[in-house]
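Chain by chain, the residues run as shown.
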Amino acid sequence: MTTRRPQRQARAIRLGPRSLLALALAGATGLAGFTWPLFADPSSQVSAHAQDAPWLFAGLLVLLVGVVTATISESGLGPKAVAMLGVLAATGAALRPIGAGTAGIEPMFFLMVLSGRVLGPGFGFVLGSVTMFASALLTGGVGPWMPFQMLAMGWFTMGAGLLPGPDRLRGRGELAMLAAYGFLAAFAYGTVMNLAGWPFMDAQASNVAFDPGSALPANLARFVAYCLATSLGWDLGRALVTVVLTLTLGATLLKALRRATRRAAFETPVTFEPS
């Protein structure tokens, strides 16, 4: 009796040292961009220019996402992967407006989870960032928040590519894992995006607004109350939609994506023979 060995899953992008360094740099800068008001001294020059900070960090994040994309491209984003990236990014951008204005109906998150799972963390980060950029242009959602959305969606999709068992885990176990990840990551996405805008609320407007003069624990308590009061319903809707779509359509889409990656043979170089 022979046992069938698990087939190694193809990856559209293989992360090299420079790509990992660029991802780490973008991640660290993004984390600073999301959290710096919590740690800045109220009397510092940084806090004095708090209203300018979103624009400065937005510009910096655009450059960093560009650096990451260029670095990953240099390490192996071939024409087949570019074609796959374009198709998935266009599909994700088209899915986002479906639930515009309706609490949490955002089917693009389910597509990002499955795409990151099949195509890997490097492709996932680029796909998440490009999809959010394209959808912002499509919906007119361009502003200082857009680079933060790009980075957060890049993290979201990359995380799906880092889940265990890409070559072995299949069936209901894989779908359950992806659904659980999508549920938690949907809340995480909403939370970090809240953090991008919450520190710049008028402190006098509400008792859940950021207070530059308060200690970190007090501001964290305010932030939790802010999330519960403003975005819990939206985040819950996003998480539930992601879970339902993953469990109902996930098996079919995973099979289609894996078939496409096998036929694309990303790791086989494209050659042209003379006629």
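Residues numbered from 1 in each chain as written. Predicted model: local features only at pLDDT ≥ 70, side-chain atom pairs only at ≥ 80, totals over all residues. Heavy atoms only, no water.

1. Structural notes on the overall build of the protein chain
Now for step 1: A tally of helices and strands in the protein chain yields 10 helices and 0 strands.
Now for step 2: Mapped from its N terminus to its C terminus, the protein chain presents α and β elements in the order α-α-α-α-α-α-α-α-α-α.
Now for step 3: The proportion of buried residues among the 275 residues of the protein chain is 46%.
Now for step 4: Counted over contacts in the protein chain with a minimum sequence separation of 6, partners at least 24 positions apart contribute 83%.
Now for step 5: Surface accessibility of the protein chain: about 13,800 Å² in total, with carbon and sulfur atoms responsible for 67%. (Helix = DSSP H or I, 4+ residues; strand = E, 2+ residues; numbered from the N terminus. Buried < 20%, exposed > 50% of the residue type's maximum accessible area, 1.4 Å probe, protein only. Contact = heavy atoms within 4.5 Å. Areas by Shrake-Rupley, 256 points an atom, 1.4 Å probe, with all protein chains shown as cover.)

2. Side note on the side chain of Arg117
Now for step 1: Assignment of secondary structure puts Arg117 in helix 5 (residues 108–119).
Now for step 2: Given the relative accessible area of 1%, Arg117 is considered buried.
Now for step 3: Side-chain polar atoms of Arg117 contact the backbone oxygen of Gly165, separated by 2.9 Å.
Now for step 4: There is a polar contact of 2.8 Å between the side chain of Arg117 and the side chain of Glu174. (Polar contact = N/O pair within 3.5 Å; in protein donor to acceptor, adjacent residues only side chain to side chain.)

3. Remarks on the side chain of Thr246
Now for step 1: Within the element layout of this structure, Thr246 appears in helix 10 (residues 232–264).
Now for step 2: Looking at Thr246, its side chain comes within polar contact range of the main-chain oxygen of Thr242, at 2.6 Å.
Now for step 3: Contacts of Thr246, omitting those with residues within four sequence positions, involve Phe110, Leu114, Leu175, Leu178, Ala179 and Ala251.

4. Some points on the packing of aromatic side chains
Now for step 1: Enumeration according to the criterion identifies 6 aromatic pairs in this entry.
Now for step 2: With a centroid separation of 5.1 Å and 75° between ring planes, the pair formed by Phe109 and Tyr189 is classed as edge-to-face. Note that Phe109 is positioned in helix 5 and Tyr189 in helix 8 (residues 172–197), a separation of 80 residues in sequence. For the pair shown, Phe109 and Tyr189 are each scored as buried.
Now for step 3: Pairing Trp198 with Phe223 gives two aromatic rings, centres 5.1 Å apart and planes at 55°, and the pair type is tilted. (Phe/Tyr/Trp six-rings, centres within 6.5 Å; stacked < 30°, edge-to-face > 60°.)

5. Side note on the pattern of salt bridges
Now for step 1: Summed over the entire model, instances satisfying the criterion amount to 4 salt bridges.
Now for step 2: The shortest N-O distance in the salt bridge between Glu106 and Arg238 comes to 2.8 Å. Of this pair, Glu106 sits in the loop between helix 4 (79–95) and helix 5 while Arg238 sits in helix 10, and the two are 132 residues apart along the sequence. A single burial state applies to Glu106 and to Arg238, both of which are buried.
Now for step 3: Each of the salt bridges in this network shares a partner with another, and the network as a whole consists of Glu106, Asp235 and Arg238. (Salt bridge = Lys/Arg side-chain N within 4 Å of Asp/Glu carboxyl O.)

6. Description of the environment of Arg172
Now for step 1: Its place among the elements puts Arg172 in helix 8.
Now for step 2: The exposed category is assigned to Arg172, whose relative accessible area is 78%.
Now for step 3: Each C-alpha atom, one on Arg172 and one on Leu247, is 8.6 Å from the other, the two residues being 75 residues apart in sequence.

7. What about the packing of helix 5 against helix 6 (residues 121–139)?
Now for step 1: Relative to each other, helix 5 and helix 6 sit at 155°, their axes nearing to 7 Å. As judged from the angle between their axes, helix 5 and helix 6 are roughly antiparallel. As helix 5 runs across helix 6, the sense of the crossing is right-handed. Between helix 5 and helix 6, the residues in contact are Met108, Met112, Ser115, Gly116 and Leu119 and Pro121, Phe123, Gly124, Leu127, Gly128, Thr131 and Met132, respectively.
Now for step 2: A per-class count over the contact of helix 5 with helix 6 returns 7 nonpolar, 5 polar and no charged. (Axes fitted to C-alpha atoms, helices over the stretch in contact; angles between N-to-C directions. Parallel < 35°, antiparallel > 145°, perpendicular 65-115°, else oblique. Left-handed = near helix turned anticlockwise from the far one by under 90°. Nonpolar A, V, L, I, M, F, W, Y, C, P; charged D, E, K, R; others polar.)

8. A word on the confidence of the model for the protein chain
Now for step 1: Considering every residue of the protein chain, the mean pLDDT works out to 77; 71% of them sit at 70 or more.
Now for step 2: Taken as a whole, residues 45–49 scores under 50 in pLDDT and shows 4 contacts with residues more than four places along the chain or in a different chain. (pLDDT = per-residue confidence, 0-100.)

9. As for helix 7 (residues 146–161)
Now for step 1: Between its first and last C-alpha, helix 7 extends 23 Å over 16 residues, near the 22 Å set by a 1.5 Å rise per residue.
Now for step 2: Within helix 7, 15 of the 16 residues are buried, leaving the element largely enclosed by the surrounding structure. (Expected span 1.5 Å × (residues − 1).)

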